[in-house]
Each structure stands twice: as structure tokens, then as C-alpha cells.
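Commentary on secondary and tertiary structure
Below, each chain spelled out in residue letters.
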Amino acid sequence: PLFHHYGTTFSKKLLLTMKLLLLLSSALTSHGMVVTASDAKTCSAGGAGVHVPIGKDGEGEYTASTKGCFDVIDAATPLVLNEIKKQSLRPFGVGSPAFHVADYGTADGGTSLGLMTKMVESIRERQDGKEVVIHYEDQLTNEWQSVFNHALGLKAVSDAYGNPIPNPYDMKDVFVEACGVGFHNQCYPSSSIDFGVSFTAMHWLSRFPSSLRGDEFMHAARCGATPEAEKDQAAADWRSILLARAKELVPGGKFVCVNFCKSTEGYFLGQTDVGASMWDSFQSSWDKLKEQGLIDEDERLGVSFPNYYRTKDEFLNVIENDEEVSSKLKLISYEERVVRCPYRELYTSGRTDKSPRQYAEDFVPTTKTWSHSTFKSGLRADRSEDEKEDIMNQFWENYISLVEQEPEIHGMDYSHAYIVLEKIE
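Residues numbered from 1 in each chain as written. Predicted model: local features only at pLDDT ≥ 70, side-chain atom pairs only at ≥ 80, totals over all residues. Heavy atoms only, no water.

1. Description of the environment of I73
Among the secondary structure elements, I73 is positioned in helix 4 (residues 68–86). I73 sits in the buried class, given a relative accessible area of 2%. Through-space distance from the C-alpha of I73 to that of T200 is 9.3 Å; in sequence the pair is 127 residues apart. Residues in contact with I73, not counting those within four places in the same chain, are T111, S112, L115 and F199. (Helix = DSSP H or I, 4+ residues; strand = E, 2+ residues; numbered from the N terminus. Buried < 20%, exposed > 50% of the residue type's maximum accessible area, 1.4 Å probe, protein only. Contact = heavy atoms within 4.5 Å.)

Here it is in C-alpha cells:
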């Protein structure tokens, strides 16, 4: 019944394969396994384990806690729909008659549902009844049960303001598929994807440089001099990402990448011209664990985030100056935008009746969804899982208590590059 659009149920063999995949994903997550870039070429896992989702698979905790991503995607929606209006639609008899959309780094699939619905509507304004296939891509260790709960309409989704998000699967002749090959690699057959999108995903690196272990700063964006290991890995990964998309896209196909950046003003995630720096709050809450006698000095300095916020020059240098990339993809547009933290905006506008403590408990999980596993990886390997989680619980309580003191200054603004690319015909 979950896959009734295909007119049949999955075979026992396919169900067994999916179960084995989920078991392997669980094993990778629970043991903190990391796949290096060289391993990825062999197993096509593409960075699996670099970022480990939190929460129980199927519950959709990422979408429930990361409401700012809805606003980021809303800001990109006009760009996407404008490109669809200009794009040639493949006629029947030329490859697949369906329009194939790929959502790279989809996480649990909930935040992009509204955009997917609008994309289907826009496609069908041009060709009534056009079949659409939505390909959800993410790493092997992703929350795949949550993806299907959202994509198939089994779990309702609402944005930061309580507005229900429509589901494209409710529309006729929309098909849903998933891919567990990391986006640093080619995920789909050559010339098979009509339109690719990615939101707040491709800052994750394919491996752990970990060059900031032992440093006072835990993220490359905070460093006065950019650490070479992270910078070089980010450059290599961006080139791999672009070449993979160039292969997958049909001629004239589009790719809209909305990725974290370090803006021309020096803004980046959680650190803009408004409010306290999220990274200062992270640091003080983590340092407090040592004051509380819960971690040692090596652990205090043991956090090194395996992601990178590229600058405009770092994005465009590969697109425009790499001979192989520039022969396959052309830049349509590039712009940078700051999207304000919806939690803080609601609180400071007086549109909620939350107490300072309630606000802190509402806001802090949006920072936890993507950072918890990295902080946890800074703890000593000889600690038990229960001990690590107890320490992590205290870390998040430290952060909540900090936000509670001055809730109006705490938030997580988003700084993104909005990049539109087209495959050269």
C-alpha cells in the first residue's frame, strides 16, 4: 500500500535488501564508522558517517526541529520555478517521458515537500499530466524511514509558523525513489536528471580532515587563517560534486544549489550582524563541561567540524576556471542571502507567549540536529555510549540555560549562496 503508484508491492527480495541496508546504516551510526574519500570510490558511500542524524528513524526530528530551512527553501523557490518555465521538456520517446527531479542531501525529506509540490505544478502548467519522479538522495546512514514517511504523506509536515505543507505524492502520477549514494559521487545514470536541487547540504565534506583538533576554534569559518586541510578538501569535494551533477543532468538540465557560505560581509551560519554568535555560545557551553569536571582538556579541544562554508571566490573559481567543469556547466546566477532565524523572529516579535526557558528549549534543538554527532566525536573513545550521551545531555542543558538568560539575542541566522547552473547542450 505504501507504493501503490507502482501498481504492486515490493518483492520479498527487495524488502530484504532494504532491511539489510537499514541494519548496515544502524551499525555504521552506532559505532561511529567513517568512510574516507578513498573508500567512497570503492563502496560509493560518499562520506557516510561524517554526519550522523539524531533521533529515531521514522520520527522526522530534523524537519520538526529545523524550521529555518523552510524559509531558506522559500527564498529559493522563485529561482527554481523560473528555471523550470524556461527549460525544455523532453518529449515522449526521448529517454524517460517523465520529468526527473533530484533532491540531493535531502535529510529526512520534509523541508523540501512544499517546493516539490510547486515544481510538479509548474511542470504540469506546461505539459498537462506529465509524470514526475522525485529522487531523494542522501548518505547511506540517512533517516530513510523518515524520508518515506514524509514523501508518502504518512507523517504531516508544517513550517515554522504552523502552516501545513502540501505533499506532491497526493498528486496523480508522482513517483518517489531514494538513493543512498553520497552526493560527492555520481548518484544517477548519465543524462537522466532534468532538474537537481540541494539545500543546506553540500558544505559537509567527504571525509574528516580534523585539523582543528587541539585548536581553540572548532570550525574553519572561525579561524583567522583558513585551515589548509579543510580548504583543500572542500575544493576537491566541490569539483567532484559539480562533475557528478554534470554527468547526471540532461543537456539543458538545471541544478540549483543553495549552500552555506561565508558571505562577502563575513557572515556565516549562526554569526551575522544580529544577536550573539551561535559559535561563541557553543564554545562557552562546551568549555563549561570542563569546569563541571565532565571532560578533560583534550576533549575540550577535541571538536573539529567536518564541514566548510565556501566563499564566493571558492564557489565560482571551480565553475568558471576549471576547464573540465566549465566545459560542461555554465553559471546562470549567483547571489548571497541571509535568512533570519524564525525562532528568534517569532519570539522577539511577541507572536508567541513562550517563557525564556520555553524559547530556549524550542530553539536549541535546531542547532542540535546537525551538530550533536560532531560534538560527541570529540569525547574520548574509551567512554561508554551511555557516558557520552550523559555528557552530551549536560552540554545541551548548558546551552539551553545560556539562551534562557537572554533569549532575545540568541538565534541561528542562515547565510547561503544561491547558485543556479545549467548543463551545456
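Picking up where we left off.
2. Some details on the confidence of the model for the protein
Residues with a pLDDT of 70 or more make up 83% of the protein, whose mean pLDDT is 86. Below pLDDT 50 for its whole length, residues 1–45 participates in 59 contacts with residues either more than four positions away or in separate chains. (pLDDT = per-residue confidence, 0-100.)

3. Notes on the packing of helix 7 (residues 228–248) against helix 10 (residues 312–321)
Between helix 7 and helix 10, the least distance of the axes is 10 Å, while the angle of their chain directions is 45°. Judged by the angle between their axes, helix 7 and helix 10 are oblique. The chirality of how helix 7 crosses helix 10 is right-handed. The segment helix 7 lies against helix 10, with K231, W238, R239 and L242 engaging E314, F315, V318 and I319. (Axes fitted to C-alpha atoms, helices over the stretch in contact; angles between N-to-C directions. Parallel < 35°, antiparallel > 145°, perpendicular 65-115°, else oblique. Left-handed = near helix turned anticlockwise from the far one by under 90°.)

4. Regarding helix 6 (residues 144–151)
Counting buried positions along helix 6 gives 7 out of 8 residues, so the element sits mostly inside the fold. Buried within helix 6 we find W144, S146, V147, F148, N149, H150 and A151. Looking one or two residues beyond helix 6, the residue adopting positive phi is G153, at roughly 80°.

5. As for the state of the cysteines
Counting across every chain of the model gives 0 disulfides. C179 forms no disulfide, and the closest cysteine sulfur to it belongs to C187, at a distance of 4.7 Å. (Disulfide = S-S within 2.5 Å.)

6. Some words on the sheet that holds strand 5 (residues 249–260)
Taken together, 7 strands build an open sheet; the order of strands is 3-2-1-4-5-7-6 and the sheet is mixed. Across the chains shown, the open sheet's two edge strands, defined by having one partner strand only, are strand 3 (174–179) and strand 6 (329–339). Averaged over all adjacent pairs, the angle separating strand axes in this sheet is 15°, with direction ignored. The pairing of strand 2 (residues 132–137) with strand 3 spans 6 bridges and is parallel. When the sheet's bridge partners are listed, H135 is paired in strand 3 with E177. This element, helix 7, spans strand 1 (99–104), strand 4 (193–199), strand 5, strand 6 and strand 7 (414–423) of the sheet and lies at about 150° to strand 5. (Pairing = 2+ DSSP bridges.)

7. Remarks on the packing of aromatic side chains
Under the definition given, this model contains 27 aromatic pairs. Centroid distance F268 to Y309: 6.2 Å. Interplanar angle 35°. Geometry classified as tilted. Note that F268 is positioned in the loop between strand 5 and helix 8 (278–291) and Y309 in the loop between helix 9 (297–300) and helix 10, a separation of 41 residues in sequence. Residue F268 is classed as buried on the basis of its relative accessible area of 2%. (Phe/Tyr/Trp six-rings, centres within 6.5 Å; stacked < 30°, edge-to-face > 60°.)

8. A short note on the pattern of salt bridges
Where charged atoms from two side chains of opposite charge approach closely, those side chains can pair. This model, assessed by the stated rule, comprises 27 salt bridges. Residue K376 is joined to E389 by a salt bridge in which the shortest nitrogen-to-oxygen separation is 2.8 Å. In this pair, K376 sits in helix 13 (residues 356–377) while E389 sits in helix 14 (residues 385–405), placing the two residues 13 residues apart along the sequence. Salt bridges sharing common partners tie together D296, E299, R380, D382, R383 and E387. (Salt bridge = Lys/Arg side-chain N within 4 Å of Asp/Glu carboxyl O.)

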